[in-house]
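Below are the chains, spelled out letter by letter.
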Amino acid sequence: MATQVKDVIIKADAPSTLLLDKHADYIAAYGSKKDDYEYTLSEYLRMSGIYWGLTVMDLMGQLPRMNRQEIIDFIRSCQHECGGFSASIGHDPHLLYTLSAVQILCLYDSVDAIDVDKAVEYVKGLQQENGSFTGDKWGEIDTRFSFCAVAALALLGKMDMINVGKAVEFVLSCMNFDGGFGCRPGSESHAGQIYCCTGFLALTGQLHLVNADLLGWWLCERQLPSGGLNGRPEKLPDVCYSWWVLASLKIIGRIHWIDKAKLRSFILACQDEETGGFADRPGDMVDPFHTLFGVAGLSLLGDEQIKPVNPVLCMPEDVLQRIGLQVDLLS
Amino acid sequence: MAETEGEVDVLVQRVVKDITNAFKRNPNIDEIGVIPCPEARYNRSPIVLVENKLGVESWCVKFLLPYVHNKLLLYRQRKHWLDREALVDITCTLLLLNPDFTTAWNVRKELLQCGVLHPEKDLYLGKLALTKFPKSPETWIHRRWVLQQILGQLSAVGRGSKQQQHYGEAEQPEAERSQQLSDHLSRTLHQEMKVCSDAACRYPSNYNAWSHRIWVLQHMAKGNIKVFHDELSSMRLWVSMHVSDHSGFHYRQFLLKELSTELSQTPPCIPTIMSSSQDQSSTVSRSSSHHHSHAQANGELPGAEAAEEEERQLGCTTVLQLFHEEMELCSDLIQSFPGHETLWSHRRHVFYLWHNLRKEHQQHCSSNGGVVPGQLKDSDSCPPEVGAQSSAGQGESVNGQRHASEPMEVDGASLPEPRDSKRLKRGVLLPGPPALPSEHSFVSGILERCSNPEQRRFALAYKKWLDTVIDREP
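Residues numbered from 1 in each chain as written. Chains lettered and ligands numbered in written order. Predicted model: local features only at pLDDT ≥ 70, side-chain atom pairs only at ≥ 80, totals over all residues. Heavy atoms only, no water.

As recorded in an unreviewed UniProt entry, chain B goes by Protein prenyltransferase alpha subunit repeat containing 1 and comes from Channa striata. As stated in UniProt under Sequence similarities (unreviewed entry), the record for chain B gives "Belongs to the protein prenyltransferase subunit alpha family." (UniProt positions renumbered as here; feature names shortened; annotations may be inferred.)

Under an unreviewed UniProt entry, the name given to chain A is Geranylgeranyl transferase type-2 subunit beta, and the organism recorded is Channa striata. Comment text from UniProt for chain A, heading Catalytic activity (unreviewed entry), reads "geranylgeranyl diphosphate + L-cysteinyl-[protein] = S-geranylgeranyl-L-cysteinyl-[protein] + diphosphate".

Next up, the structure:
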């Protein structure tokens with residue numbers, strides 16, 4: 001009888017070894033033709049795109065290949081008067097790109113290149129009365145932004161500038177009966193939001209409020225026969241969910257609940273042997289986003305060719321050690 | 001075909017104008033798309049308008065997008081001035097091609113704020129963008145901001161502020177104005193439901209579309225039982241045809257939760273089901289005290305305690321019925337479409353909601369001692385006469401129709417636990433609510449009769465969930 005489970009089938013000739021050099025070449029060359037139409041289309045998230053590229057290069061020990069000064073100058077020209085950062089020059093500031101900017105500067109140990117106080121003020125100003133955070137001055141509320149806020153402040157050592165208790169209260173109000181989290185109270189549980197909320201609770205030292213067994217169960221049910229992970233029931237597996245789900249499991253101390261070997265072979269199968277880089281699933285087009293989460297996922301699974309990655313911030317552990325930021329996880 | 005910068009300039013300006021004119025010629029455009037067309041036809045516009053469909057030939061997109069994109073950014077950096085009309089046209093073109101370009105939406109927010117753009121225009125633009133990009137997060141986010149503006153305007157008009165004069169209306173009688181407002185709100189609400197529906201059809205398990213739908217109800221229909229009830233009814237067929245759509249089923253869980261909260265609360269909210277749309281104006285201001293005073297304005301007489309009690313029972317009955325129907329629907333679908341995780345996930349949610357509601361009620365009603373709590377308390381040990389559980393013994397169903405046959409209780413051998421002899425015989429015959437023993441029977445029935453490995457896996461997982469999550473709780 002045909003099974004109806006939505007999944008992919010990994011072909012026998014799919015990549016099964018890690019092609020780190022190819023990925024480094026792919027990222028190093030990405031965006032070199034800046035007139036590319038596709039590049040323009042994605043300019044609205046450029047700061048995050050740079051963070052993805054640099055982080056995966058650093059995880060592979062290849063950060064020196066990127067143009068440090070050019071990037072730092074770019075970041076400076078993206079800080080607005082309000083203190084927030086935009087995705088690219090001329091775009092409007094937003095919390096998402098403020099976090100990415102701070103993360104990049106941490107990679108480069110150059111936080112002092114920007115006006116830190118102004119940046120903190122921007123983040124603080126986005127907190128609402130109910131503890132939630134808007135993404136920018138226009139008012140959209142989402143638990144992703146709670147994560148962005150505390151992550152940025154934690155990296156800057158300024159988490160005490162916001163009302164942490166209230167922020168926690170709001171995130172908890174987004175916890176669902178299945179142990180998962182959605183974007184707002186009453187929203188469907190979603191692996192990406194779960195990552196943001198467990199990461200948030202880790203940063204604020206409130207992981208004991210998570211029902212680790214219940215949530216862990218929901219998360220490990222994301223693993224499909226192919227070994228890949230999806231983000232919600234009956235969705236296809238996607239390498240980026242292999243990060244959101246895996247990191248969440250690591251944060252709540254239940255990473256051993258999934259089949260690591262099968263996940264690893266799924267992630268490896270998402271590589272493109274010719275172009276380098278990872279796609280969302282085997283055979284699709286690669287991009288820097290999936291490349292980062294493929295490599296980061298492999299790191300979490302214990303691949304020794306890759307630097308250890310921090311599951312909360314998705315940055316190399318050695319960077320956080322240098323900063324002196326320690327985040328406790330559940331065991 | 002190499003184009004000089006000057007040529008590109010002229011070409012793009014013409015294209016932007018063509019797009020603007022297309023909308024002027026046909027205000028009913030309802031879909032956008034790119035027409036695969038690698039080369040320009042001599043001297044013909046790449047903008048194609050056929051019936052209500054607007055197409056852009058693909059060859060021009062690679063010129064068009066970077067040009068308008070950069071033009072907007074130059075404006076944003078104060079390096080190049082654009083008048084309001086140009087801004088409207090350029091952002092429109094940009095967002096139809098790249099609706100996740102947040103800054104372009106923000107430019108339109110500013111135009112809206114200074115009155116150059118009407119909010120309805122952006123709802124329309126967003127709707128069009130969603131026909132091609134049904135998930136676009138920034139489109140949904142902008143939509144919520146626009147709706148907040150509209151709600152704010154309606155509130156202000158409702159309070160009889162100066163804005164009324166701004167619209168050039170003479171003083172209206174309060175009731176008429178109130179009716180107009182609630183009509184407007186109702187139209188906007190239903191339009192949003194349609195936009196969400198369309199987007200949900202265009203992309204399976206569209207998280208952004210469904211979470212927007214929930215947001216709209218939370219902000220524009222708070223406490224409005226009729227709307228929630230209608231939504232639950234109208235979505236029934238849709239989810240039956242989209243049994244993998246986890247977001248669609250989650251929406252029903254949300255509706256059930258809201259309904260059970262409203263219907264089992266005191267003071268009663270039942271009047272809203274029976275009264276006119278006038279009640280919808282209460283959603284503009286969201287305070288519950290306004291809601292209650294409205295209920296009183298509906299003519300609750302003194303000595304309404306007995307009526308309140310009756311209404312509360314009516315509310316509880318309705319809740320029971322809703323949960324019963326939902327579990328029935330779920331059982332039908334599980335049997336008709338074996339091996340769908342979404343359906344089993346839905347079962348968990350619905351049963352959990354019901355289980356919790358019953359617990360809360362026992363605590364609440366035991367201090368009041370009405371008829372209702374007794375019925376609810378017994379439900380644990382009382383298998384239903386007809387209901388979801390009886391279908392569990394059927395196994396195969398034809399086209400989702402249950403065979404009329406004997407309830408499972410008769411066939412005692414297949415039941416793992418001894419059935420209580422206590423049955424729900426007193427008073428009004430309520431439909432049997434889902435209960436733990438009957439859920440276990442349902443699972444056993446599935447396992448016995450179904451050979452689909454995925455179905456068995458999900459059934460076992462559900463059983464484990466019942467044992468772990470439900471049974472463990474006091």
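Text resumes after the structure shown.
In terms of helices and strands, chain A carries 14 helices and four strands. On C-alpha atoms alone, chain A measures out to a radius of gyration of 19 Å, which is about the 20 Å that the 2.2 N^0.38 rule sets for 331 residues. The C-alpha extent of chain A, read off along each of the three principal axes, is 60 × 50 × 35 Å. Counting only residues that meet the buried cut, chain A has 64% of its 331 residues in that class. Surface summary for chain A: the accessible area is close to 12600 Å², and the carbon and sulfur share equals 50%. Each charge class in chain A can be summarised by its mean position, and for the 27 positive and 42 negative side chains these summaries are 1 Å apart. (Helix = DSSP H or I, 4+ residues; strand = E, 2+ residues; numbered from the N terminus. Rg over C-alpha atoms; globule rule 2.2 N^0.38 Å. Buried < 20%, exposed > 50% of the residue type's maximum accessible area, 1.4 Å probe, protein only. Areas by Shrake-Rupley, 256 points an atom, 1.4 Å probe, with all protein chains shown as cover. Lys, Arg positive; Asp, Glu negative; His and termini not counted. Charge placed at Lys NZ, Arg CZ, Asp CG, Glu CD.)

This paragraph deals with helix 5 (residues 119–132) of chain B. Residue and element names in this part refer to chain B. Given a rise of 1.5 Å per residue, 14 residues ought to cover 20 Å, and the 21 Å separating the end C-alpha atoms of helix 5 matches this to within 8%. Within the sequence span of helix 5, burial applies to Pro119, Asp122, Leu123, Leu125, Gly126, Leu128, Ala129, Leu130 and Thr131. Along its buried surface, helix 5 packs onto helix 1 (5–25), strand 1 (31–35), helix 3 (84–97), helix 4 (102–113), helix 6 (137–158) and helix 8 (174–202). (Expected span 1.5 Å × (residues − 1). Contact = heavy atoms within 4.5 Å.)

Residue and element names in this part refer to chain B. Across four bridges, strand 2 (residues 47–50) lies against strand 3 (residues 53–57) in antiparallel orientation. The residue of strand 3 that forms the bridge with valine 48 is glycine 55. Taking the residues that link successive antiparallel strands as the turn, the strand 2-strand 3 hairpin has two residues, and the phi of glutamate 51 there is positive, at about 50 degrees. (Pairing = 2+ DSSP bridges.)

Moving on: the pattern of salt bridges. In this structure the tally under the stated criterion is 30 salt bridges over all chains. Two residues, Arg76(B) and Asp92(A), come together in a salt bridge whose shortest N-O distance is 2.9 Å. Note that Arg76(B) is positioned in helix 2 (residues 58–76) and Asp92(A) in the loop between helix 4 (68–76) and helix 5 (95–107), a pairing that runs across two chains. According to the relative accessible area criterion, Asp92(A) is buried, its value standing at 14%. (Salt bridge = Lys/Arg side-chain N within 4 Å of Asp/Glu carboxyl O.)

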